Amino acid sequence: MNRTTSKNSARAARIRRRKRKRIMKTILLLLLMAVLAGGGGYLVYTLNMGALAELPETFRASREFSGSDLSVDQKRAKSFAADLCVVEEDVPLDSVSLESGQSGLLFDLSNKKVLYSNGTYNRVYPASITKIMTAMLALKYGNVDETVTITQENVTLEEGSQVCGFQAGDRLTLDQLVHCLLVYSGNDAASAIAEYVGGSTSNFVDMMNSYAAKLGCTGTHFTNPHGLQDENHYTTPYDIYLMLKEALKYPEFTEITQLPSYTVEYTRADGSQMATYLDATDHYLTGEASTPRDVTILGGKTGTTSEAGNCLALLSQNAYGNPYISIVMGASSKELLYQQMSSLLVNINGN
């Protein structure tokens, strides 16, 4: 082989080596692009003379939580529920026995613990427990010192409805109406609040449903501000818990719902002065029922209709000042309602 032929062969060999390196780099780049496009772990590679050097992976939540394979939505749900008592199934208590068709719960707010749960997500009629939402919207959007004039619509309610006795043209403040709403459960007060705050009852009901949805009440639909029977007006014990928990953010709510009675003084349409004494509907507050030892009632709401039965949602605290929410729905009598509620409350002090 002459010198010229040898040089040509060497040059051809160098060209082939360069081509092989370029092909290898191209293949590696294509593999890298495939890995990144495939949405796998976020990997960064350095191409160095045909070799891939892997750098440390960036943060991935599924590696940080042992055994976790949660989606982003699930993680958001866990974060949302971090301040809530979460019910996965019924939780019994030896001291508590509800009748068939009833539902109830007992939640430890400090420790986010479910102490008792029975039919927590069952659809129920709320009756006047509805007024928790009505009161919140009044306190949230209304001026409690402003004077409200009672209209004919506010007093045109079904026969036998619980009312304070207002007449069209009567004038009193929103603060007084909220007291009448929560202490005596006046349906005329609820109607007047709805009309004042919402501009109309229908608009106020829309506000109620919107606020319920914001609180995460997935089993609730309101059609009125007072809880008078309507088959499309319903909730669940768990949603009542969410509403009552939210109501605790309004100091006026618990101040009012601890009162054993209230005297409302207002001006009649003819200018005369009127005063009406109203007893609380909560028998624990009036002394008609006795609370268990070392249990303090901080507030809540009663509700009674023939379809809903006798209902009670309470915020209370134990001897150490720790707060609890307890709910009993659908008792066949008031006497039974308070017996069942007391059987729940005895557990908040570890009895």
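Up top you'll find the structure we're talking about.
Residues numbered from 1 in each chain as written. Predicted model: local features only at pLDDT ≥ 70, side-chain atom pairs only at ≥ 80, totals over all residues. Heavy atoms only, no water.

**Focus on the overall build of the protein chain**
Threshold: To qualify as a helix, a DSSP run of H or I must reach at least 4 residues; to qualify as a strand, a run of E must reach at least 2; elements of each kind are numbered from the N terminus. Each residue's exposure class comes from its accessible area (1.4 Å probe, protein chains only) as a fraction of the maximum for that residue type: buried when under 20%, exposed when over 50%, partly exposed otherwise. Throughout, a residue-residue contact means that at least one pair of heavy atoms, one from each residue, lies within 4.5 Å. Accessibility throughout is a Shrake-Rupley quantity obtained with a 1.4 Å probe, and a residue counts as covered only by protein chains that appear here.
A tally of regular secondary structure across the protein chain gives 12 helices and 11 strands. For the protein chain, the residues scored as buried account for 45% of the 351 residues in total. The long-range fraction of contacts in the protein chain, counting pairs at least 24 apart against all pairs at least 6 apart in sequence, stands at 61%. A total accessible area of about 18400 Å² is found for the protein chain, and carbon and sulfur atoms account for 49% of it.

**Describing helix α9 (residues 237–247)**
In terms of residue burial, α9 counts as a mostly covered element, since 10 of its 11 residues are buried. Residues of α9 that are buried include every one of P237, Y238, D239, I240, Y241, L242, M243, L244, E246 and A247, and no others.

**With respect to the environment of H233**
Counted only if it meets this: Pairing of N or O atoms within 3.5 Å defines a polar contact, subject to two protein rules: one partner must be a possible hydrogen donor and the other a possible acceptor, and residues neighboring in sequence count only if both atoms are side-chain atoms.
Structurally, H233 is set in the loop between α8 (201–214) and α9. Considered as a pair, H233 and V124 are 109 residues apart in the sequence and their alpha carbons are 8.9 Å apart. With residues up to four places along the chain from it excluded, the contact list for H233 reads Y125, P126, T130, H221, F222, T223, N224 and G227. A polar contact is formed between the side chain of H233 and the backbone nitrogen of N224, at a distance of 3.5 Å.

**Focus: the pattern of salt bridges**
Cut-off, in case you're wondering: Any Lys or Arg side-chain nitrogen found within 4 Å of a carboxyl oxygen on Asp or Glu counts as a salt bridge.
Here the structure, examined in full by the defined rule, presents five salt bridges. With its nearest N and O atoms 2.8 Å apart, the salt bridge here joins D170 to R268. Taken together, the residues span a long stretch of sequence, with D170 in the loop between α5 (152–155) and β6 (171–173) and R268 in the loop between β7 (261–267) and β8 (273–279) at a distance of 98 residues. Classification of R268 by relative accessible area gives buried; the value is 13%. With its nearest N and O atoms 3.9 Å apart, the salt bridge here joins D294 to R293.

**Observations regarding the environment of V205**
Residue position: V205 is located in helix α8. For the pair V205 and F222, spaced 17 residues apart in sequence, the C-alpha to C-alpha distance is 6.5 Å.

**Section: the sheet that holds strand β11 (residues 323–331)**
For clarity, the threshold we go by: Whether two strands pair depends on DSSP finding at least two bridges between them. Note on geometry: axes are C-alpha line fits, over the in-contact stretch for helices, and angles between N-to-C directions span 0 to 180 degrees.
If you walk across this open sheet you meet the five strands as β4-β3-β11-β10-β9, and the pairing is antiparallel. The strands lining the two open edges of the sheet, one partner per strand, are β4 (113–118) and β9 (296–305). The mean inter-strand angle of the sheet, taken between neighbouring strand axes irrespective of direction, is 5°. Pairing of strand β3 (residues 103–108) with β11 involves six bridges; the strand directions are antiparallel. Note on β11: the bridge partner recorded for D108 is Y324.

**Let's talk about the nonpolar core**
Selection rule: Put simply, a nonpolar core is a bunch of buried Ala, Val, Leu, Ile, Met, Phe, Trp, Tyr and Cys residues held in one set by side-chain atoms that sit within 4.5 Å of each other.
If you look at the biggest cluster of nonpolar residues, it comprises 87 residues, and the most contacted ones within it are M133 and Y241. Residues contacting Y241, with those up to four places away along its chain left out, are D83, L84, C85, L105, F107, L109, I325 and I327.

**Quick look at the environment of F107**
Along the chain, F107 falls in strand β3. In this structure F107 comes out as buried when scored by relative accessible area, which is 0%. Sequence spacing of F107 and S117 is 10 residues, and the spatial spacing of their C-alpha atoms is 8.5 Å. Once residues lying within four places of it in the same chain are set aside, the contact partners of F107 are C85, V87, K113, V114, Y116, T120, Y238, Y241, P323, Y324 and I325.

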